[in-house]
Amino acid sequence: MQDIPRKRWIRPCTLVYLIMVALTLVTWGIGMTAQGGLELSLLVLLFALIKGQMVGDWFMGLHFVQGIWRWPIIIWLFVPGALITIAFILSYGG
Amino acid sequence: MQKNKYPPGDLAIWIFILAELLVFAAFFGAYAFTRLKNVELFNYYQMTLDRNAALLNTLALITSSYFVVRAVADIREDDSKGCKRWLWAAIAMGAFFIVIKGGEYAHHFSAGVTLSSNTFYMFYLSLTFFHFMHVILGMVILAAVALKVGRGGYSADEHTGVETGASYWHMVDLVWLILFPLIYVMR
Amino acid sequence: MQYSSQAVAKPYFIAAIGLFVGQILFGLILGLQYVLGDFLFPEIPFNVARMVHTNLLIVWLLFGFMGAAYYLVPEESERELESPGLAIAMFWIFLVAGALTILGYLLVPYAGLAQLTGNDLLPTMGREFLEQPTITKLGIVVVALSFLYNIGMTVLKGRKTVVSLVLLIGLTGLAVFFLFSFYNPDNLVLDKFFWWWVVHLWVEGVWELILGSILAFVLIKTTGVDREVIEKWLYIIIAMTLITGIIGTGHHYYWIGTPEYWQWWGSVFSAMEPIPFFMMTVFAFNMVNKRRREHPNKAAVLWALGTATMAFLGAGVWGFLHTLAPVNYYTHGSQITAAHGHMAFYGAYVMIVLTMISYAMPMLRGRTAANSNKSQVLEMWSFWLMTIAIVFITLFLTAAGILQVFLQRMGENPLPFMVVQEKVALFYWLREIAGLVFLIGLLTYVASFFVGNDEPEAKTAG
Ligand code: HEM
Ligand code: HEM
Ligand SMILES: [Fe+2]
């Protein structure tokens, strides 16, 4: 994180952290139902990608980077994300 | 806000991070497509995994990553003491992860599970174990950084080393964030 | 030349080139035997010629590595070699042992050689690349230990640089992994394990460290780029090499009776092995583009860039081609393997040794920096002749390999091995022609040492 203005009510990284915790709990809740299903699976994957993006942008600090180094994590999330999505859609006979 | 041309930390660690991420991406893709051919098997054995442990581990790594962010923020304000405290807290969370994951492994091994038991377990053990080794390596790196911080080796002006260790640790977190839903939840 | 003890490198380089010529002559014999089955039979059977071809390759590369180390280490450590006398003594021991071994291959039937050298006491013979009689292997260990002592003491007592430390680690690894060649278990799976721990962990592990450090040394010298920059590259390259290369050994475990997970581990990790080779290419071209000076030895720079390119093509691209388990299922042990073996060995290890010879030999022969223009032009001709020839050898073998896989291993009615061999004979003829071009290139290379010696040194043209 960079140049955190002290006066904010909460550090951006703390906010990000809390969102990630919330998404993790929801993911776990879905997991505990053992329900499965294409929609739920892809939803859980989406949460993971959002969390990954948050780690890249705010924890690793790539949000503050310009040029090619802005992209590696985004692309990295996209590629396995897409592969997993395709494989799951196929596994549901799509 | 001013933008940088390069990510925080030594560029060398970033080349490294990208190469490692590539390996994990290949494994994730392989998992998903192999599952395609063995959906029943994967769904069945996924149920033998401990999702509560996975939750604790996910929280541990997220929290640990957050602590590292705070450590970097502190050193940027020349606060070596704070930086050191956050780093050791992060390492403690890493240790927590190791203990929980070790418990899971102990459980599986005592049930006679091996890499050759079936394709699901092969992937489960390979993927989590490679990640496990990265957690250990990451902790070693963080500890080395923390020790140097403790000796007053970094400052607001010169703290590339802290950022380098931090970037590596976030990568370890990042990989787990995908691993967790993929192996424990998605079915 | 800054230290007089660097001169011990010279006999090593000369021997290397001499054995190189021998290797290629046997390559041509082999190539001809592929199409004229009874050529030179029974004097030199195919299996003997093959053994001589590959063993000469390994031995001359080892001579080259040792010569390179003897030249490089004093300069990096900024002190004379620990013991030049020991280096010269080991040179003669290694040369005589090598020559006797080759004569043994040629004059005595292999089984007889095994009996003669007491293979029963400690059986180590009979495995590809490691065919040497046990006593020769012991000799190699003695030579390697003396060499490591000599180099190690020089490094430890002198200035320690990343380049010399990486080289030392690589050379130590080379010696240590060779020890696996002394263990020859009856269990065929274990036997293969230990064999690959020599062969694979050499060329896709510790030898890459040697390659990286020699390349870094020559680039520091010829480009004048800051050492720190070059060292950082070297760090990343060797780290990537070891991460991918060690578990990448799994790409040889697919079909030898190991558990199935090796197909995944081997595929994924070895698929990453091209990365460090690619980084080496980027590294070399980057450094040459950023050069601070024009070095008069243009030939050496050409060899360095050639190494970086051809190593990536041969090891990286041709290695990747057949490294994934589902592909290797079809291509295993076909001509595709031979195509890859030729280009990878040439591009990485032959070329790095020639790079070092090209850089060091002028100084060893009393020049201040470079050979005459005439000699360099001839050397660069030999570069192109040999390199283009190996590219064609690789392409012809790849074509033969693809056909072989299709006809013999795929489709409804797979054909028998020998029928297929007849069908692809055209490519073997073409390979032999390319091999002749290679020989011409090599002779040109040798000639470049004898021309233009009384002409002035090449100057850095403005
Ligand atoms: C400079 C480095 C390298 C050299 C000198 C080299 C050389 C060789 C040689 C001589 C063989 C044949 C061994 C035998 O069975 O007799 C071989 C096999 C093989 N190499 Fe490499 N190699 C290098 C790098 C690589 C890399 C980077 C990869 C993968 C990306 C690779 C993949 C393979 C595979 C898969 C085989 C087995 C082929 C089969 O199943 O028949 N090699 N290599
Ligand atoms: C510097 C150049 C060369 C290098 C580095 C080299 C290297 C090798 C290696 C590593 C092998 C073992 C391959 C394997 O097990 O897959 C081999 C075998 C062989 N080489 Fe070469 N070689 C070179 C030049 C030549 C030339 C010029 C020819 C002939 C025109 C030739 C013909 C052969 C043949 C016929 C084999 C036996 C392949 C088999 O067993 O099927 N080589 N060489
Ligand atoms: Fe290999």
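Since the model is a prediction, treat every value here as computed from it, not as a measurement.

Criteria and thresholds
Residues numbered from 1 in each chain as written. Chains lettered and ligands numbered in written order. Predicted model: local features only at pLDDT ≥ 70, side-chain atom pairs only at ≥ 80, totals over all residues. Heavy atoms only, no water. Helix = DSSP H or I, 4+ residues; strand = E, 2+ residues; numbered from the N terminus. Expected span 1.5 Å × (residues − 1). Buried < 20%, exposed > 50% of the residue type's maximum accessible area, 1.4 Å probe, protein only. Contact = heavy atoms within 4.5 Å. Donors = N, O, S within 2.8 Å, 3.2 Å for Na, K, Ca; no water. Tetrahedral: all angles 85-135°; square planar, octahedral: opposite > 155°, others 65-115°. Buried area = accessible area lost by both parts, 1.4 Å probe. Salt bridge = Lys/Arg side-chain N within 4 Å of Asp/Glu carboxyl O. Polar contact = N/O pair within 3.5 Å; in protein donor to acceptor, adjacent residues only side chain to side chain. Nonpolar A, V, L, I, M, F, W, Y, C, P; charged D, E, K, R; others polar.

Colleague: Describe helix α6 (residues 162-178) of chain C, naming the residues involved and giving the relevant values.
Modeller: All names here are of chain C. Between its terminal C-alpha atoms α6 stretches 24 Å, which fits the 24 Å expected from 17 residues at 1.5 Å a residue. In terms of burial, α6 is largely enclosed, as 12 of its 17 residues are buried. Residues of α6 that are buried: Val162, Val163, Ser164, Val166, Leu167, Leu168, Gly170, Leu171, Gly173, Leu174, Ala175 and Phe178. The inward-facing, buried residues of α6 contact α2 (46-77), α5 (134-157), α7 (188-223) and α8 (227-248).

Colleague: Requested: an account of the coordination of the iron atom of ligand 2, with residues and values cited.
Modeller: By definition of the ideal shapes, a tetrahedral metal site with four donors has angles of 109.5 degrees and an octahedral site with six donors has angles of 90 or 180 degrees. Residue and element names in this part refer to chain C. Coordination of the iron atom of ligand 2 by the protein is provided by His53 (NE2) and His342 (NE2), with metal-donor distances spanning 2.0 to 2.1 Å. Around the iron atom of ligand 2, the six donor atoms are arranged such that angles at the metal cover 86 to 177 degrees; this shape is classified as octahedral. Of the two residues, histidine 53 is situated in helix α2 and histidine 342 in helix α13 (residues 335-364); the sequence distance between them amounts to 289 residues. Taking the relative accessible area as the measure of exposure, histidine 53 reaches 12% and is therefore buried.

Colleague: Residues and numbers for the interface of chain A and chain B, please.
Modeller: The partner chain B presents 51 residues to the 51 residues of chain A that form the contact. In terms of surface lost to chain B, no three residues of chain A exceed Met60, Trp69 and Trp76 of chain A, which account for 17% of the buried area on that side. The tally of links between chain A and chain B comes to zero salt bridges. Across the contact surface, chain A and chain B share 14 residue pairs in polar contact (both at pLDDT 80 or more). Looking at the side of chain A that touches chain B, the elements with two or more residues in it are α1 (12-33), α2 (38-59) and α3 (72-91) of chain A. Counted by class, the side of chain A that touches chain B contains 34 nonpolar, 13 polar and four charged residues.

Colleague: Describe the interface of chain C and chain B, and please don't skip the residues or the numbers.
Modeller: The partner chain B presents 17 residues to the 15 residues of chain C that form the contact. Buried area between chain C and chain B, both sides added, is near 1,500 Å², and the carbon and sulfur share of it is 88%. At the junction of chain C with chain B, the criterion picks out one salt bridge. Its salt-bridge partner being lysine 232 of chain C, residue aspartate 10 of chain B comes within 3.6 Å of it at the nearest N-O pair. For the interface between chain C and chain B, the tally reads one residue pair in polar contact (both at pLDDT 80 or more). For the side of chain C that touches chain B, the secondary structure elements donating two or more residues are α8, α9 (261-271) and α10 (274-289) of chain C. The greatest single-element share of the side of chain C that touches chain B, amounting to six residues, is contributed by α8 of chain C. When its residues are assigned to classes, the side of chain C that touches chain B shows 14 nonpolar, no polar and one charged.

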